[in-house]
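Chain by chain, the residues run as shown.
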Amino acid sequence: MATPLMTNITDPPPTPIRAEIAQLRAALDRDVPAKQLDKNLLIATWNIRGFGGLTRKWESGPNDSPRRDLHALLCISEIVRRFDVIAVQEVKSNIQALRHLLKALGSDWGLILTDVTKGPAGNAERLAFLFDMRKVQLSGLACEIVIPDERLGRTGARVIKEDALDKQFARTPYAVSFRSGRKTFILITLHVLYGSKAKERTPELKAIAEWLADWATDTNAYGHNLIALGDFNIDRQGDQRWQAFTETGLAAPEEMNGVPRSIFHDPSKPDITKFYDQIAWFWGPDVTSKSKKSGKTKGPPKLTMRYVKGGYFDFTKVALKSLKLTKTQLSWRISDHYPLWAEFSVQD
């Protein structure tokens, strides 16, 4: 007996799914700015929950694993394609879903990603960037951020400060430079270790903020448009994690501070809002240091790209609605995080 052919993401979906995708597109048209060549740049970040395997059916059954199917992946592809470049966290060692996502996006899309992070803390994850090559091109730099031993806050085996990083990042932040029009920018994506206690995240956040401030102020740096984005695992605005990340001058736009990050966000409980996902950059030399040579103060430079606006996209209102899923079920098909985005002007 012949083995039945597997369904592909590029196959025509069933009529009910096409109708749902049309509703999803309409919602995206309403909530996300349109791409404009040589005018704007749409940068996004999205922690796509356990983005690894894929059940190659339009609708997965109760005995299928993973539950993420082609219907869900088609929804993900429609969201991703609305941005010019998107940082994706929780890409797993199995990249079957990622490969099919690229097929759905088409030949205009590029991918660059890290190898798998080994060890229990790494959770077999990768960090990735997907980008629309019609508007964004790689400009030459790709690196994982490693802290020099002398910066790890150690004297022998003794930690100097309680909040100092005393080991390398569990999941090494990934920096890639891109070009859009005449603007060059470096995106640094990270997925901060969650840990068993909130305070365990503070050293990583503090270290990455200090490292980025140094890099941004270095006149020999590859470029000065530095934007950090990803899953920072910050609990709430103003807490220790928030302060550790922002004390060097990194900040997100004020309008983004009220944006929910998780599909489990309860608007009736604003005091427990999670600020996990962030898009942040230096807004100017607010944190200054005096140069020994010139005596002048300096600090991380602001972007040469003008920020326009930012937001998130709530896919829970339209994606997979016909299946009547719980939020937990939806999170394993699409994600437990909302995509977060920021629009910039690339016009001089």
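Residues numbered from 1 in each chain as written. Predicted model: local features only at pLDDT ≥ 70, side-chain atom pairs only at ≥ 80, totals over all residues. Heavy atoms only, no water.

**Thoughts on the overall build of the protein**
Consideration 1: Looking only at helices and strands, the protein features six helices and 16 strands.
Consideration 2: The buried share among the 348 residues of the protein stands at 55%.
Consideration 3: Of the contacts made within the protein by residues no fewer than 6 positions apart, 75% connect residues no fewer than 24 positions apart. (Helix = DSSP H or I, 4+ residues; strand = E, 2+ residues; numbered from the N terminus. Buried < 20%, exposed > 50% of the residue type's maximum accessible area, 1.4 Å probe, protein only. Contact = heavy atoms within 4.5 Å.)

**Let's talk about the nonpolar core**
Consideration 1: With 45 residues, the main nonpolar core has W46, F51, I76, L130, F313, F315 and I334 as its most contacted residues.
Consideration 2: Listed by contribution, the elements that provide at least two residues to this core are α1 (15-31), β1 (40-51), α2 (70-80), β2 (85-92), α3 (96-105) and β4 (125-132).
Consideration 3: In terms of residue count, the dominant contributor to this core is α2 (eight residues).
Consideration 4: If we skip the residues at most four places from it in the chain, I334 touches W46, I48, R49, R68, A72, C75, I76, F315, A319 and L320.
Consideration 5: Core analysis: the second largest hydrophobic core is formed by 27 residues, L127, V136, A342 and F344 among them. (Core = buried A, V, L, I, M, F, W, Y, C linked by side-chain atoms within 4.5 Å.)

**Observations regarding empty space enclosed by the protein**
Consideration 1: One pass over the full model with this rule turns up two cavities of 30 Å³ or more.
Consideration 2: In this model, the largest cavity occupies a volume close to 50 Å³.
Consideration 3: Lining of the largest cavity is provided by I234, W242, F245, T246, L250, A251, A252, Q278 and A280.
Consideration 4: Element by element, the count of residues in the lining of the largest cavity is highest for helix α5 (residues 240-246), at three residues.
Consideration 5: Per-class residue counts for the lining of the largest cavity are seven nonpolar, two polar and no charged. (1 Å grid on protein atoms, 1.4 Å probe; cavity = no way out; pocket = protein on both sides within 12 Å on 5 of 7 lines; lining within 4 Å. Points joined across faces, edges and corners; volume = space filled by probe spheres on them. Nonpolar A, V, L, I, M, F, W, Y, C, P; charged D, E, K, R; others polar.)

**Notes on the sheet that holds strand β5 (residues 137-144)**
Consideration 1: Pairing within the open sheet is mixed, and its six strands lie in the order β5-β8-β9-β10-β12-β11. Two strands in the sheet have a free side with no partner beyond their single neighbour: β5 and β11 (250-251).
Consideration 2: Of the strands in this sheet, β5, β8 (174-180), β9 (183-191), β10 (226-231), β11 and β12 (277-282) touch helix α4 (residues 202-217), which is tilted by about 165° from β9. (Pairing = 2+ DSSP bridges. Axes fitted to C-alpha atoms, helices over the stretch in contact; angles between N-to-C directions.)

**Focus on the packing of α2 against α3**
Consideration 1: Their axes nearest at 9 Å, the elements α2 and α3 cross at an angle of 60°. Viewed along their axes, α2 and α3 adopt a mutual orientation that is oblique. Here the hand of the crossing between α2 and α3 comes out right-handed. Residue-level contacts link L73, I76, S77 and V80 of α2 to A97, H100, L101, A104 and L105 of α3.
Consideration 2: Here the residues of the contact of α2 with α3 sort into seven nonpolar, two polar and no charged. (Parallel < 35°, antiparallel > 145°, perpendicular 65-115°, else oblique. Left-handed = near helix turned anticlockwise from the far one by under 90°.)

**Brief notes about unusual backbone geometry**
Consideration 1: Between S65 and the following residue, P66, the backbone shows a cis peptide bond with an omega angle of 5°.
Consideration 2: Considering the arrangement of structural elements, one finds P66 in the loop between β1 and α2.
Consideration 3: Phi angles above zero are rare outside glycine, and D38 is one such case at about 65°.
Consideration 4: Topologically, D38 is positioned in the loop between α1 and β1.
Consideration 5: At E90, a residue that is not glycine, the phi angle is positive and equals roughly 70°.
Consideration 6: Position of E90 relative to the elements: it lies in strand β2.
Consideration 7: Exposure remark for E90: the relative accessible area of 14% places this residue in the buried category.

**Topic: the packing of α1 against α2**
Consideration 1: Following both chains from N to C, one finds α1 and α2 inclined at 25°, their axes separated by 10 Å at the closest point. In terms of axis orientation, α1 runs roughly parallel to α2. α2 is crossed by α1, and the crossing has right-handed handedness. Contacts between α1 and α2 involve I17, E20, I21, L24, R25 and L28 on the former and, on the latter, H71, L74, C75, E78 and I79.
Consideration 2: Taken together, the residues of the contact of α1 with α2 break down into seven nonpolar, one polar and three charged.

**Considerations on the pairing of β10**
Residues in a regular strand project their side chains so that they alternate between the two faces of the sheet.
Consideration 1: Of all six residues in β10, six are buried; the element is thus mostly enclosed.
Consideration 2: Bridging between β9 and β10 involves six bridges; their strand directions are parallel. By the bridge assignment for β10, I186 is matched with L226.
Consideration 3: Here β10 pairs with β12 via five bridges, running antiparallel. Note on β12: the bridge partner recorded for L229 is I279.

Remember that the coordinates give geometry; whether it matters functionally is a separate question.
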